[in-house]
Amino acid sequence: QVQLVESGGGLVQAGGSLRLSCTASGRTFSNYAMGWFRQAPGKEREFVAAIGKSGGNTHYADSVKGRFTISRDNAKNTVYLQMNSLKPEDTAVYYCAAGRLYDTIATSYDYWGQGTQVTVSS
């Protein structure tokens, strides 16, 4: 089992920045690819960003490319999502996930955090 705990969400004005953190415990963090997903009210959960086990590979949704950066620190068992130039449409609950596969599909991930709310005001 892997336990994931997100933090760093909050309320920010459009154009602002937030950094989300997700800290893992339980099993060897570096054995897992990590992903960030988000879900807005009334919408399906969608892929945001993913990072490979060593941090060498990253992938982003087109909607966040150039604004968000995913990174990881395997020594701290933590994955980050730096979010810049935030827009009201980025408002959602953000979830981190751990899986054996580096993928954009939610079903490829085995473990999920509880989510953290990000609200961007216009």
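Residues numbered from 1 in each chain as written. Predicted model: local features only at pLDDT ≥ 70, side-chain atom pairs only at ≥ 80, totals over all residues. Heavy atoms only, no water.

Draft legend 1. The arrangement of the overall build of the chain in detail. Looking only at helices and strands, the chain features zero helices and eleven strands. Relative to the globule expectation of 14 Å for 122 residues, the C-alpha radius of gyration of the chain, 13 Å, shows essentially globular dimensions. With the C-alpha coordinates of the chain rotated into their principal frame, the extents come out at 40 × 25 × 25 Å. Counting over 122 residues, the chain shows a buried share of 44%. Contacts in the chain between residues at least 24 apart in sequence constitute 57% of all its contacts with a sequence separation of at least 6. When the accessible surface of the chain is split by element, carbon and sulfur atoms take 46% of a total near 6,000 Å². Charged side chains of the chain number 12 positive and 9 negative; the gap between the two group centres comes to 5 Å. (Helix = DSSP H or I, 4+ residues; strand = E, 2+ residues; numbered from the N terminus. Rg over C-alpha atoms; globule rule 2.2 N^0.38 Å. Buried < 20%, exposed > 50% of the residue type's maximum accessible area, 1.4 Å probe, protein only. Contact = heavy atoms within 4.5 Å. Areas by Shrake-Rupley, 256 points an atom, 1.4 Å probe, with all protein chains shown as cover. Lys, Arg positive; Asp, Glu negative; His and termini not counted. Charge placed at Lys NZ, Arg CZ, Asp CG, Glu CD.)

Draft legend 2. Expanded view of the pattern of salt bridges. The full count for this structure, using the stated rule, is four salt bridges. Ionic pairing is found between Lys65 and Asp62, a salt bridge with its closest N-O pair at 3.2 Å. Given a relative accessible area of 66%, Asp62 falls into the exposed group. Each of Arg38, Glu46, Arg67 and Asp90 takes part in a single network of salt bridges with overlapping partners. (Salt bridge = Lys/Arg side-chain N within 4 Å of Asp/Glu carboxyl O.)

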